[in-house]
Amino acid sequence: MDNPVTRTDSGWRLPAIPNLHSHAFQRAMAGMAERRTDPADSFWTWRETMYRFAERMTPDTMRAVAAQLYVEMLEAGYGSVCEFQYVHHQPDGRPYDDPAEMSLALVEAARDTGIRMTLLPVLYMSGGFDGRPLTDRQARFGHDVDGYLRLLERLRALEDNQLRVGACFHSLRAVPEEAMRLTLQALPADLPVHIHIAEQTAEVEDSLAVRGTRPVQWLYDTFDVDARWALVHATHLTAEETGRIAASGATVVLCPTTEANLGDGLFPLQAYLEAGGRWGIGSDSHISVSPVEELRWLEYGQRLIARRRNIAVGHSESVGETLLHGALEGGVHVTGFSAQETLQTDWIELDPQAPVLVGATADDVVDRWVFSGNQPVVETVCVDGETLVSAGRHRNREAVFSDYRQAINDLTR
């Protein structure tokens, strides 16, 4: 991909960024898990707060929270989102009258705001590598394989030029091997497949204890992982695992602000880039909703451990251009949308009068955008030929926020 940035009469134009990993409901709790509950606070203690919010979600609050999130994504420069959706049932685990109701709330939010969506209903069956049953707090996440495949079929019937549906395994600890195998055998060969993997050291240790092998190694030894796969986080890798992912053509989905917020660790980016690996970004728990911040902190994390500058280069000597290229190219294989759809008809324009862009040229505008502060500079966003954001504001911002405010009041009272 050549430098995709062009100068127009109204600004600097570039393709909209695909957001490859989202749990929309977690936008409602952003900033609410930042008080110590345990001297060893970690992902696992944060998860208890997340479960409390998941328990209270209804289809109406899910739609309102997701719509607010998608407005924020569009205004920040994202044009599409992969929605990793596992809150399926009522809090006690009983399906809604329409088992797809929670997923349909997300579809409605995407259509109301205009963002492209790849909906990823999640198969979630067990509470650990040892096959333990789901806890009460996980009950609304669960499916058996047949129920999951019926849900997929129901949602795939809704696909259009702004909605795709992919398959999704929550994690290796949450889906037994035989269930994964049966599901994959039932899927079309080109359907995107997403999975959380190797995010936490405890997950790696549990896999070693129960299966005698690391999660990524087990996945590659057991299944044919190819370019339709998205491996979310993949934080804790050996050199061999890093090379296997790169060689397979799978996309690693990196979520630096969430990974930092949860204390996950740092992905071996430099080794992965040197191996020719494909990657993209996601905002995951939405502690930040900004492609600039994800890209910036992807690079900054590497600088901190290497103690030197300008790590992510390869596509060009420009770090910003290399990061932009990776974020754009990674989404083509795991969203279900074609490059024609996402790279040519979904675009953003940056305000050339923003202080950080005054005097910018095609050679440095991306570096300035990514590394020159937090002032919003996205002026216009167009998805599928339709202008959704003008002068930095989404066309439905006020109405969406009104519903969101009511939803947050309902969730936190």
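Above this text sits the structure in question.
Here is what the cut-offs are and how they apply
Residues numbered from 1 in each chain as written. Predicted model: local features only at pLDDT ≥ 70, side-chain atom pairs only at ≥ 80, totals over all residues. Heavy atoms only, no water. Helix = DSSP H or I, 4+ residues; strand = E, 2+ residues; numbered from the N terminus. Rg over C-alpha atoms; globule rule 2.2 N^0.38 Å. Buried < 20%, exposed > 50% of the residue type's maximum accessible area, 1.4 Å probe, protein only. Contact = heavy atoms within 4.5 Å. Areas by Shrake-Rupley, 256 points an atom, 1.4 Å probe, with all protein chains shown as cover. Lys, Arg positive; Asp, Glu negative; His and termini not counted. Charge placed at Lys NZ, Arg CZ, Asp CG, Glu CD. Axes fitted to C-alpha atoms, helices over the stretch in contact; angles between N-to-C directions. Parallel < 35°, antiparallel > 145°, perpendicular 65-115°, else oblique. Left-handed = near helix turned anticlockwise from the far one by under 90°. Nonpolar A, V, L, I, M, F, W, Y, C, P; charged D, E, K, R; others polar. Phe/Tyr/Trp six-rings, centres within 6.5 Å; stacked < 30°, edge-to-face > 60°. Lys NZ or Arg CZ within 6 Å of the ring centre and 35° of its normal. Pairing = 2+ DSSP bridges. Arc of directions from axis to C-beta. Expected span 1.5 Å × (residues − 1).

## Notes on the overall build of the protein chain
Phase 1 of the analysis: Helices and strands together make up the secondary structure of the protein chain, namely 15 helices and 15 strands.
Phase 2 of the analysis: Computed over C-alpha atoms, the radius of gyration of the protein chain comes to 20 Å, within 12% of the 22 Å expected from 2.2 N^0.38 for 413 residues, which places it in the range of a compact globule.
Phase 3 of the analysis: For the protein chain, with 413 residues in total, the buried portion stands at 58%.
Phase 4 of the analysis: When contacts within the protein chain are restricted to residue pairs at least 6 apart in sequence, those whose partners lie at least 24 apart make up 75%.
Phase 5 of the analysis: Working note: accessible area of the protein chain is about 16300 Å², and carbon and sulfur atoms make up 47% of it.
Phase 6 of the analysis: Seen as two clouds, the 37 positive and the 59 negative side-chain charges of the protein chain have centres 4 Å apart.

## Topic: the packing of helix α4 (residues 145-156) against helix α5 (residues 177-186)
Phase 1 of the analysis: For the pair α4 and α5, the least separation of the axes is 10 Å and the interaxial angle reads 30 degrees. With respect to α5, the element α4 is oriented roughly parallel. Seen from above, α4 lies across α5 with right-handed handedness. Where α4 abuts α5, its residues V145, Y148 and L149 lie against A179, L182, T183 and A186.
Phase 2 of the analysis: Partitioned by chemical class, the residues of the contact of α4 with α5 number six nonpolar, one polar and no charged.

## Focus on the packing of aromatic side chains
Phase 1 of the analysis: Evaluated as defined, the whole model comprises 12 aromatic pairs.
Phase 2 of the analysis: Look at F25 and Y86: their rings are 5.9 Å apart centre to centre, the planes differ by 90 degrees, and that puts the pair in the edge-to-face class. Taken as a pair, F25 in the loop between β3 (17-22) and α1 (43-56) and Y86 in the loop between β4 (78-85) and α3 (101-113) lie far apart in primary sequence, 61 residues in all.
Phase 3 of the analysis: According to the relative accessible area criterion, F25 is buried, its value standing at 3%.
Phase 4 of the analysis: By relative accessible area, which is 3% here, Y86 ends up buried.
Phase 5 of the analysis: Feature note: the residues F25, Y51, Y86, Y124 and F141 constitute an aromatic cluster, connected by ring pairs.
Phase 6 of the analysis: Across from the ring centre of F337, 5.2 Å away, lies the NZ or CZ of R116, which sits over that ring.

## Some remarks on unusual backbone geometry
Phase 1 of the analysis: Its identity as a non-glycine residue notwithstanding, A198 has a phi of 50 degrees, on the positive side.
Phase 2 of the analysis: Tracing the chain through its elements places A198 in the loop between β8 (193-197) and α6 (201-211).
Phase 3 of the analysis: Its relative accessible area of 1% is what places A198 among the buried residues.
Phase 4 of the analysis: Not every positive phi belongs to a glycine, and A234 is a case in point at roughly 45 degrees.
Phase 5 of the analysis: Relative to the elements of secondary structure, A234 occurs in the loop between β9 (229-233) and α8 (239-248).

## Some thoughts on the sheet that holds strand β14 (residues 386-390)
Phase 1 of the analysis: Here six strands make up an open sheet; going across it, the order is β1-β2-β12-β13-β14-β15 and the pairing antiparallel. Of all the strands in the sheet, the pair left with one neighbour each is β1 (6-7) and β15 (393-394).

## Observations regarding the pairing of strand β11 (residues 278-281)
For a regular strand, the rule is simple: side chains alternate between the two faces of the sheet.
Phase 1 of the analysis: What you see with β11 is no split at all: R278 and G280 on one side and W279 and I281 on the other are buried throughout.
Phase 2 of the analysis: Pairing between strand β10 (residues 251-254) and β11: four bridges, direction parallel. Across the sheet, the residue bridging to T251 is R278, located in β11.

## Regarding α6
Phase 1 of the analysis: Here α6 has its buried residues at E203, V204 and S207. Looking straight down α6, one finds that the buried residues subtend no more than 100 degrees of arc, so they occupy a single side. Summarising the geometry of α6, the exposed residues directed more than 90 degrees from the buried face are E205 and A209.
Phase 2 of the analysis: In the core, the buried residues of α6 are packed alongside β8 and α7 (215-222).
Phase 3 of the analysis: Positive backbone phi, at 75 degrees, marks G212, one or two positions downstream of α6.

## Here's the deal with α4
Phase 1 of the analysis: Along its 12 residues, α4 runs 16 Å from first to last C-alpha, staying within 8% of the 16 Å computed at 1.5 Å per residue.
Phase 2 of the analysis: Every buried residue of α4 is listed here: V145, G147, Y148, L151, L152 and L155. All buried residues of α4 project into a common sector of 165 degrees when viewed along the axis, lining one side. Exposed side of α4, more than 90 degrees from the buried face: D146, R150 and E153 are the residues found there.
Phase 3 of the analysis: Next to the buried residues of α4 lie α3, β5 (116-123), β6 (163-165), β7 (167-169) and α5.

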